[in-house]
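# Structure assessment
For reference, the chains in residue letters:
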Amino acid sequence: MSARTALPRVTVVAAVAALAVSATGCTSTKTTGSGGSEISLVKAGKLTTCTHLPYEPFQFRKDNKVVGFDVDIVDLVAKDLKVTQEIVDTPFEGIQTGEDLNASKCDVAAAGMTITAVREQNLDFSGPYFDATQALITKKGSPYTSLASLKGKKLGVQQGTTGETYAKKNGTGVETVQFEDVALLLTAVKTGQVDAGINDNGVLYEYVRKNPDTAVTAEFDTGEKYGIGVRTGNKALREEIDKVVKAARADGRYDAIYKKWFPAAPKK
């Protein structure tokens, strides 16, 4: 979800997970990308995506269906492979550490996930497909417009995210309050449980659009970029994702998806 930050992982765990999958006799199926590359998938006819819900508008449930910006982007890849996307909702820790990919739980990880050096030790990323930065959300009319103004106050953070890392590094004298997901964080801001919250700007702008009693009062230039994760060494699938996203940017499909999910959008 968010520009989420990775925790260091013990490489032995991944190896054990991979061996466990092998021991069960789980085998992948193969399909061919439009460029002719043979790509292995964990399920026949499916491109399986690991994500962590909710993270609106990137991925969330609506009318008993998972929808969102990331969902539409991965659907483009699935269509190019002539398969359909299947989404698995799973804890973010297993996504960012690469465990879910190594255990063949999914083919790709699309979870509004920032590319970081630590995560790149655990999985391979596609090229960047979305630019993000951290932002501050408060109740409308609040005086809190910076981390400095929150000294002695409570700041909500989502656990395991780059927002949490940024707040702890730069929020001198600020009490951080951790939440498991962004929905709980935003509810805490709206109900006054915390004085403000920090998370990715795309998510916060969309929340404010639907909740006019809240406001984005600051942005922090963290220069983050989201990537779609694949198992380390899965070059064929990574290159397929990059090819599809590049084509979508060129022919207007990317812009159409962007406008669909970010009608009050920050800059791309």
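Attention in this report is confined to the structure presented alongside it. Worth saying up front: this structure is predicted, and the values here are computed from it rather than measured.

Rules of the game
- Residues numbered from 1 in each chain as written.
- Predicted model: local features only at pLDDT ≥ 70, side-chain atom pairs only at ≥ 80, totals over all residues.
- Heavy atoms only, no water.
- Pairing = 2+ DSSP bridges.
- Helix = DSSP H or I, 4+ residues; strand = E, 2+ residues; numbered from the N terminus.
- Contact = heavy atoms within 4.5 Å.
- Axes fitted to C-alpha atoms, helices over the stretch in contact; angles between N-to-C directions.
- Disulfide = S-S within 2.5 Å.
- Buried < 20%, exposed > 50% of the residue type's maximum accessible area, 1.4 Å probe, protein only.
- Arc of directions from axis to C-beta.
- Polar contact = N/O pair within 3.5 Å; in protein donor to acceptor, adjacent residues only side chain to side chain.

### Some words on the sheet that holds strand E6 (residues 84–89)
Here we have five strands laid out as an open sheet, ordered E6-E3-E7-E14-E8, and mixed in their pairing. Edge strands, defined here as strands with exactly one partner in the open sheet, are E6 and strand E8 (124–125). The pairing of strand E3 (residues 46–51) with E6 spans six bridges and is classified as parallel. Bridge pairing in E6 links Leu 47 to Gln 85. With respect to the sheet, helix H2 (residues 69–80) is in contact with E3, E6 and strand E7 (108–109), its orientation differing from that of E6 by roughly 140 degrees.

### What about the state of the cysteines?
Across all of its chains, the model carries one disulfide by this definition. Each sulfur of the disulfide joining Cys 50 and Cys 106 lies 2.2 Å from the other. Torsion about the S-S bond of the Cys 50 and Cys 106 cystine: about -105 degrees, corresponding to left-handed handedness. One end of the pair, Cys 50, is in strand E3; the other, Cys 106, is in the loop between helix H4 (99–102) and E7, with 56 residues separating them in the sequence. Take Cys 106: its relative accessible area is 3%, and that puts it in the buried class.

### Quick look at helix H6 (residues 182–191)
Along H6, the positions that sit buried rather than exposed are Val 182, Leu 185, Leu 186, Ala 188 and Val 189. Along H6, the residues classed as buried sweep out an arc of 155 degrees about the axis, all on the same side. Where H6 is buried, its residues touch strand E9 (130–139), strand E10 (154–158), strand E11 (175–179), strand E12 (196–200) and helix H7 (201–210). Measuring from the backbone nitrogen of Ala 183 back to the side-chain oxygen at the start of H6 gives 3.1 Å, which picks out Asp 181 as the cap. One or two positions beyond H6, positive phi appears at Gly 192, with a value near 85 degrees.

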